[in-house]
Amino acid sequence: MALRQISVFLENKTGRLADVSGIVGDGGINLRAISIADTADFGILRMIVDKPDETLMLLEKNGFTARENKVLGVEVDDSPGGLAKVMKTFDENGVNIEYLYSSLEHGQGKAVVIFKVEDVDHGIKILEKYKMNRVSGF
Amino acid sequence: MIWNEKIETMPEAEMKKTQLESLVKLTETLYERVPFYRRKFDELGIKPADIQDICDIEKLPFTTKDELREIYPYGLLAVDESEIVEVHQSSGTTGTPVVDAYTRKDIDIWSECMARCLVMAGAGSGDVIQNAYGYGLFTGGIGVHYGARAIGANIIPISGGNTARQLKVMHDFGATFLTCTPSYSLYIAEYAHENGISMKDMKVRAGCFGAEPWTEEMRKEMELQLHLDAFDIYGLTEIIGPGVANECECKDGLHVNEDLFYPEIIDSETGKPLPDGEKGELVFTTLTKEGTPILRYRTRDITYLSRGKCSCGRTSVKMHRLMGRTDDMLIIRGVNVFPTQIEEILVQMEETQPHYQIIVDRGKKHLDEVEVWVEVKDQFFSDETRQMESLRARIRGEMKSRLGINAVIKLVEPKSIERSTGKAKRVIDKRNL
């Protein structure tokens, strides 16, 4: 299973990020991973939450453009070279990465990295083949 | 200096007589040779013989731009096609263009009225005229060229663009007079400044600037930065091209070449003529044109007329500089754009009609700048920035190739564009024209 990521379109205006986090927080939704991609006049907020359906509903109700995407949450050793190992496997097996960011999740000596890959199903197959731990929900 | 003393200082009564003679002849020609007008005359029950006084022009039918498009290309032709020696088209970039076809005599008329305009702005046979209006189907370049030739000036037919070369040529050939759009003149000044070229070292002392509306503030800016006297020139393809009217040294209104182009101001709602001094839609009749004469053409430009002897010595009627338009047409750096054309592009790019707003402003460089705000809807929102950027580039590319404008596309959140219950305000024009 892939992870459900919610992305939100934000204009570069003061307070927009505060608005979104306020809405999410007031809705009792817990953020598990968050990142923002920004350009000169807009940004795209990406987040992994514990209640994706409620989050989508709340955002839409408040007039935000939001959508859901499938991403991979991969457990990575929290030690030097941990990410490199995963990247090497992806690279050798043709898993193309669009972007990645780290999550707030932090287990025993493990970190969780969120990958947006070109082909999610292929990504899952490779993860399974190489017995890499995948997070399918928080 | 006055190029045609007899005409330009003619007493009002005598001018009216001349205009009437031309109008009678014009209506006879139109009735006999142009089925489009014959039908319009018949519908109104008017015969050329009904024209007894110049005021009777009010009985005659109007002509609109839409009608011209319907009869494209030669629906207005009043002579045998073999008599046409040149054709031009409007600068409109989409839809059907408007055609102006000239006979030899029409070219003479054009040369004459353009000569009057150039002389009104202080040009003469000793001048070196750098003509930076585009040459080609657009009437600007060629029209000024004919006038400059008539007054015996030295013409540099450089056409528009290539600013570095404009400045080099201006300097090397000692240009004394400049003709281009007002925004381009300021761009030249800006470019010179950025490249360490002093406009004070140039010999240019005056110029005729038109093809787009401009303001008194812009004149001050141009005169300051370019070290010249800036004069407003008015014209349009449907009538002849540049040369319909021009400012004299008083710079408080444009003298209309009214023996050739008869101006009226009407209420754009009712079509009723308005008295001098009252603001309304400008209407022109080409009194003497042979190839494609036009009757009571509705320009959609808003201004008012004033009469009386001007301190420059001319008696010809003056029109105030343009004060707006009756439709929502935008003139962006000389290119005519309707908001509906922008809308069409946006609608074609996505399945549903997006909300959008057009913001036109004159930037730091005094050039028209267009921003198109497009609300990002779910169907074209992506979590990847490159997808969003490519969408933006695609919209921009379409605007450039289809409308000829360089627009800045700004993606905004839904509902950030104000909703109105009535007619949506699609355009915010901050240029204060």
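Calculation notes
Residues numbered from 1 in each chain as written. Chains lettered and ligands numbered in written order. Predicted model: local features only at pLDDT ≥ 70, side-chain atom pairs only at ≥ 80, totals over all residues. Heavy atoms only, no water. Contact = heavy atoms within 4.5 Å. Buried area = accessible area lost by both parts, 1.4 Å probe. Salt bridge = Lys/Arg side-chain N within 4 Å of Asp/Glu carboxyl O. Polar contact = N/O pair within 3.5 Å; in protein donor to acceptor, adjacent residues only side chain to side chain. Helix = DSSP H or I, 4+ residues; strand = E, 2+ residues; numbered from the N terminus. Buried < 20%, exposed > 50% of the residue type's maximum accessible area, 1.4 Å probe, protein only. Pairing = 2+ DSSP bridges. Right-handed = clockwise from strand over helix to strand, strands pointing away. Domains from an automatic or database assignment.

Enquirer: Got a minute to help me understand the interface of chain A and chain B in this structure?
Expert: A common way to state how big an interface is: give the accessible area lost once the parts meet. Across the contact, 23 residues belong to chain A and 18 residues belong to chain B. Between chain A and chain B, roughly 1800 Å² of surface is buried when both sides are summed, and carbon and sulfur atoms account for 51% of that area. Sorting the residues of chain A by area buried against chain B places Phe9, Glu11 and Thr65 of chain A first, and these three jointly supply 32% of that buried surface. Put simply, chain A and chain B have five salt bridges between them. The salt bridge involving Asp41 of chain A is made with Arg392 of chain B; its shortest N-O contact spans 2.7 Å. The tally of links between chain A and chain B comes to 11 residue pairs in polar contact (both at pLDDT 80 or more). Among the elements of the structure, β1 (3-11), β3 (42-49), β4 (66-77) and β5 (97-106) of chain A are those that each provide at least two residues to the side of chain A that touches chain B.

Enquirer: Before we go on, may I ask you to explain the pairing of strand β3 (residues 128-131) of chain B in this structure?
Expert: In summary, the side chains of a regular strand alternate between the two faces of the sheet. Residues and elements named next belong to chain B. Across the two faces of β3 the burial is the same, with Val128 and Gln130 and Ile129 and Asn131 all buried. Both β3 and strand β4 (residues 154-156) contribute to a ladder of three bridges, which runs parallel. Each bridged residue has a counterpart across the sheet, and for Val128 the counterpart in β4 is Asn154. You can see the chain leave β3, run along helix α6 (residues 139-150) and come back into β4, and the turn it takes is right-handed. In the sheet, β3 pairs with strand β5 (residues 177-180) via three bridges, with the strands oriented parallel. Paired with Gln130 across the strands is Leu178, a residue of β5.

Enquirer: Would you mind going over the domain arrangement of chain B with me for this structure?
Expert: Residues and elements named next belong to chain B. Taken domain by domain, chain B comprises domain 1 (5-327) and domain 2 (331-429). One C-alpha centre belongs to domain 1, the other to domain 2, and the line joining them spans 32 Å. Across the boundary between the two partners, domain 1 contributes 17 residues, which contact 14 residues of domain 2. Between domain 1 and domain 2 lies a buried interface of about 1400 Å² when both sides are counted; carbon and sulfur atoms form 55% of it. Run the count over domain 1 and domain 2 and you get zero salt bridges. Seen at the junction of domain 1 and domain 2, the total is zero residue pairs in polar contact (both at pLDDT 80 or more). Broken down by secondary-structure element, the contributors of at least two residues to the side of domain 1 that touches domain 2 are α8 (182-194) and α9 (216-226).

Enquirer: Can you help me understand the pattern of salt bridges in this one?
Expert: Note on pairing: side chains with opposite charge can pair once their charged atoms come close. Within the structure shown, the criterion is met by 41 salt bridges over all chains. A salt bridge links Glu68 of chain A to Lys70 of chain A; its shortest N-O distance comes to 3.6 Å. Classification of Glu68 of chain A as partly exposed rests on a relative accessible area of 28%. Of the residues examined, Lys70 of chain A reaches a relative accessible area of 43% and is grouped as partly exposed. Of the charged contacts in the structure, one is a salt bridge between Arg116 of chain B and Glu112 of chain B, with a shortest N-O distance of 2.8 Å. Here Arg116 of chain B and its partner Glu112 of chain B are both found in helix α5 (residues 104-120), four residues apart, which amounts to about one turn of the helix.

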